[in-house]
Amino acid sequence: MIKKFPQATLTLTFLIILLFYLYLRFLLSLSLTIPSTDEIVTISTFLDFRTILLKYIPNNHVFTSMLGMITSYLFGVNIILLRTISFICLLLIFIKIYKNFKDGYLSILILLVFSFDSLLIDYSFLFRGYIFSSFLFVLIFFKIIKLEDNI
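Please read all numbers here as calculations on a predicted model, not as lab measurements. (Residues numbered from 1 in each chain as written. Predicted model: local features only at pLDDT ≥ 70, side-chain atom pairs only at ≥ 80, totals over all residues. Heavy atoms only, no water.)

**A look at helix 2 (residues 37-45)**
In step 1: Within helix 2, burial applies to Glu-39, Thr-42 and Thr-45. Buried residues of helix 2 fall within an arc of 165° about the axis and therefore sit on the same side. Those residues of helix 2 that are exposed and aimed more than 90 degrees away from the buried face are Thr-37 and Ser-44.
In step 2: Along its buried surface, helix 2 packs onto helix 3 (62-75) and helix 4 (79-101). (Buried < 20%, exposed > 50% of the residue type's maximum accessible area, 1.4 Å probe, protein only. Helix = DSSP H or I, 4+ residues; strand = E, 2+ residues; numbered from the N terminus. Arc of directions from axis to C-beta. Contact = heavy atoms within 4.5 Å.)

**Remarks on a nonpolar patch on the surface**
In step 1: A cluster of nonpolar side chains, namely Phe-20, Tyr-23, Leu-24 and Leu-27, defines an oily patch on the protein surface of about 370 Å² accessible area.
In step 2: Tracing the chain through its elements places Leu-24 in helix 1 (residues 7-32).
In step 3: Under the relative-accessibility criterion, Leu-24 is labelled partly exposed at 43%. (Patch = residues over 30% accessible without salt bridge, like charges linked within 9 Å, V, L, I, M, F, W, Y side chains within 5 Å. Areas by Shrake-Rupley, 256 points an atom, 1.4 Å probe, with all protein chains shown as cover. Salt bridge = Lys/Arg side-chain N within 4 Å of Asp/Glu carboxyl O.)

**Some points on helix 3**
Residues spaced three or four apart along an α-helix face the same direction, because each turn holds 3.6 residues.
In step 1: With 14 residues, helix 3 ought to run about 20 Å at 1.5 Å a step, and its terminal C-alpha atoms sit 20 Å apart, in line with that.
In step 2: Residues of helix 3 that are buried include every one of Thr-64, Ser-65, Gly-68, Met-69, Thr-71 and Ser-72, and no others.
In step 3: Residues of helix 3 that are buried sit in contact with helix 2, helix 4 and helix 7 (130-150). (Expected span 1.5 Å × (residues − 1).)

Written out as structure tokens, the structure is:
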């Protein structure tokens, strides 16, 4: 007799496989992606507490720079650790979407659409602050929805 798996188990398994795929892409991007200009400027200029708020160059990555500054002071400047901050923020985005929508199919669809765009994936792994800003946007979005539900 064939035993059927519960639907939630299949959905969670598929989500884990997709997240593992993203993790493999992240590891691959570490060896293939050369640091971009913005990444080099962020690392060389904005990872020091004396220059984090310089205004001669537009810097919209203050929070990312603060996280990178703490990481650099603890472990030294390491591009792999700095890019890991972006990867963790990406994972937190998908976890937040999965928990708040409580719909595994929608989470899988969002993750699949994201996974098919290789340029989006590559830019998400760079230490530039965009994915951290996206994580903050997701947090604010769900807070606004929660506030609207309470009204």
